[in-house]
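Below are the chains, spelled out letter by letter.
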Amino acid sequence: MNVEISALLEKVQKMFNGFIALLPNIILALIVFAVFIFIGRQIKRLVKRLTRHRRYARNLGMVLGRLAQGATVLVGLFISLSIVIPSLRAGDLVQLLGISGVAIGFAFRDILQNFLAGILILLTEPFQIDDQIVFKGFEGTVENIETRATTIRTYDGRRIVIPNSELFTNSVTVNTAFEHRRLEYDIGVGYGDDLEQTKQLMLEAIHSVDVVLKDPAPDVLVMELAESSVNIRARWWIKPPFRLDALESRDKVISAIKQKLYVEHGIDLPYPTRQILFHDQTEETDGDRSRQREGWPAGKKEVPKPRSISGSLRRLAEAGNGKVDTPTAKEQS
């Protein structure tokens, strides 16, 4: 027993002596690694600073800066390991990293997929920072494009983090991709109104709004003969194409059209009209009651006579007062 304890103590003593011997190398390696991390950050900041004021090179600068930082840190890791373990060769380290990379690739497949998608998004630039996009049920302004995810700020002040693989493999609507943007709104007018006069008045109302562009020019088109109105679509262009500008122009255009048509010229803006028919499916005129598939089949019982709605309502009121009489001939007619 004493021999085993002595051997164990001797082994611990050797490990401690070995650690003490390697301690200067470990400290030096940590210092070298920290220096390379600092250099990598400075390189990233320098690349971003050089491309900050160039819109079409900004995303590329972000990619190059991050790749340069990663490469610098990786070189620092190689040098630090060679200081701690002088017998470690670069080929052995590369082989070890290759085997580990395969294992890490299987374990972090989704993370690597988002990383590669982020690199492709930054290089191809389907959208950029400060663009306003629509993705599935989310809409807002792009705040940041990272290698893992993209963050957007919604118009009601919330932040949405979307994985880059989702953005790269699905459809994204970029509202600010071009300088101009066209808006439209349908307005229903009465069937008795003069369509040419109405269209001319709508154009005058749209041209009176200062935020509407003269070129491309606005237009109005008859789109549909609806149930209770003739629908005319007003279309106009704005610049810049941001959400706030779109809401402001829509408010002004709709208000101007309503003022011009309804208030100043009395053009009808009709409400939807509906016709409701009451039918209780219990009248003898419904057909063969023994075969009736809707309502209440009469079977072998006597088929009820037709009733007017006024007579039915009167009998219902009398039933509520405890007076129930048989229908008169006038009620059945």
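These numbers come from a predicted model, not from an experiment.

Participant: Please provide a residue-by-residue account of the overall build of the protein, values included.
Facilitator: When you go through the protein residue by residue, the secondary structure sums to nine helices and eight strands. Out of the 333 residues belonging to the protein, those deemed buried represent 26%. Partitioning the intrachain contacts of the protein with sequence separation of at least 6 by distance along the chain shows that 58% fall at a separation of at least 24. Surface accessibility of the protein: about 22800 Å² in total, with carbon and sulfur atoms responsible for 59%.

Participant: An account of the pairing of strand β3 (residues 149-154) is requested, with residue identities and associated values reported.
Facilitator: Counting buried residues in β3 gives five out of six residues, a clear majority hidden from the surface. Relative to β3, strand β2 (residues 138-145) is paired through five bridges, and the arrangement is antiparallel. The residue bridging asparagine 144 from the neighbouring strand is threonine 151, located in β3. Hairpin connection of β2 to β3: three residues between the antiparallel strands. Here β3 runs beside strand β4 (residues 159-163); their pairing, made up of five bridges, is antiparallel. The partner of isoleucine 152 across the bridge, within β4, is isoleucine 160.

Participant: Help me get a handle on the environment of phenylalanine 178, residues and values and all.
Facilitator: Along the chain, the position of phenylalanine 178 falls in the loop between β5 (173-174) and β6 (181-189). Considering only alpha carbons, one finds phenylalanine 178 and lysine 239, 61 residues apart in sequence, at a separation of 9.4 Å.

Scoring rules and cut-offs
Residues numbered from 1 in each chain as written. Predicted model: local features only at pLDDT ≥ 70, side-chain atom pairs only at ≥ 80, totals over all residues. Heavy atoms only, no water. Helix = DSSP H or I, 4+ residues; strand = E, 2+ residues; numbered from the N terminus. Buried < 20%, exposed > 50% of the residue type's maximum accessible area, 1.4 Å probe, protein only. Contact = heavy atoms within 4.5 Å. Areas by Shrake-Rupley, 256 points an atom, 1.4 Å probe, with all protein chains shown as cover. Pairing = 2+ DSSP bridges.

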